[in-house]
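Structural overview
Below, each chain spelled out in residue letters.
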Amino acid sequence: MYWVTPRHLAGDDGALAEQIGDLLTGMGWRLWPTARQTLLYVSPDELRGAEWILASYPFELGGLPVAWQLSARPHSASALTEWNAYFTTGVPHEALADLLIALDTRDVPDMGFGEPEAVLAALAAQGWMRDVDRPTTTATDPGFASSVSLEELPPLIQDADPRPDLKGWQAWAEPVLGAPYLWCASFSASVPHDLVAVFAASLASPVPVPRRNLPDGTGGRLTVVRRT
């Protein structure tokens, strides 16, 4: 077992399904296997959802398959979700877990609080740097391996707001410039900024995390604090 930092380059240790699934069931979310071979978790109030969709391989972000889709809706009878967030394999499960805990504990999951500045402030507090050309929309880690940016939405990202050219938060890690991404995440336009800020703060946390397997391409960038 290795304890490593930074978290945004630590990968998912091949345990993204198990770690998040255990968290959700521990919070009382109900689980249904679907006909598409996915695993759907729904909160007790039926306003929040999390689905392990890797088996259905719905689409890719940055060349990586989407593994988890989070969603929220205004009331339990609504057939449409207000917003969605998507996470590929490789995303650090600690950051996704912190986001889900915040989503689970808030009273109104579909409404936004705060401004985009909340996301950038959360990253800056952990030492990430604002982009010189886009200081109000983009921040990058000190090693220039990971970014969080407010961008036009990629294809297939679903949101209740039908307007074109909407922007949502996008995050990714690229340990080696020009090499494949380690992970990607995409938040639709209506995801509350304060929820994205929780994910961002956890992603940028300097606290070491345990890993049994270190991601490819992170040599020289990932620091092993100790072995156990």
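Above: the structure in question.
As the structure is a computational prediction, the values presented were derived from the model and not from experiment.

**Looking at the layout of surface pockets**
Looking at the largest pocket, its volume works out to about 280 Å³. Lining of the largest pocket is provided by 17 residues; of these, L40, G49, S71, T81 and N84 occupy positions nearest its centre. Counting residues per element, the ones that place at least two in the lining of the largest pocket are strand 3 (39–42), strand 4 (48–52) and strand 6 (64–72). Across the lining of the largest pocket, the residue classes tally to six nonpolar, seven polar and four charged.

**Brief notes about the pairing of strand 10 (residues 146–152)**
Counting buried residues along strand 10, five of its seven residues qualify, which places the element largely inside the surrounding structure. Bridging between strand 9 (residues 138–140) and strand 10 involves three bridges; their strand directions are antiparallel. Across the sheet, the residue bridging to T138 is S149, located in strand 10. Taking the residues that link successive antiparallel strands as the turn, the strand 9-strand 10 hairpin has five residues, and the phi of F144 there is positive, at about 55 degrees.

**Quick word on helix 2 (residues 93–105)**
In this model helix 2 runs 18 Å from its N-terminal to its C-terminal C-alpha over 13 residues, within 8% of the 18 Å that 1.5 Å per residue would give. Turning to helix 2, its buried residues number three or more, namely H93, E94, A95, L96, A97, L99, L100, A102 and L103.

**Section: the pairing of strand 7 (residues 83–88)**
Judged by how many residues are buried, strand 7 sits mostly within the fold: six of six residues are covered. Burial along strand 7 is two-sided: the residues W83, A85 and F87 and N84, Y86 and T88 are all buried. Examined bridge by bridge, strand 6 and strand 7 share six bridges and lie antiparallel to one another. For Q69, the partnering residue across the bridge sits in strand 7 and is Y86.

Parameters and conventions
- Residues numbered from 1 in each chain as written.
- Predicted model: local features only at pLDDT ≥ 70, side-chain atom pairs only at ≥ 80, totals over all residues.
- Heavy atoms only, no water.
- 1 Å grid on protein atoms, 1.4 Å probe; cavity = no way out; pocket = protein on both sides within 12 Å on 5 of 7 lines; lining within 4 Å.
- Points joined across faces, edges and corners; volume = space filled by probe spheres on them.
- Helix = DSSP H or I, 4+ residues; strand = E, 2+ residues; numbered from the N terminus.
- Nonpolar A, V, L, I, M, F, W, Y, C, P; charged D, E, K, R; others polar.
- Buried < 20%, exposed > 50% of the residue type's maximum accessible area, 1.4 Å probe, protein only.
- Pairing = 2+ DSSP bridges.
- Expected span 1.5 Å × (residues − 1).

These results come straight from atomic positions and should not be treated as a statement about function.
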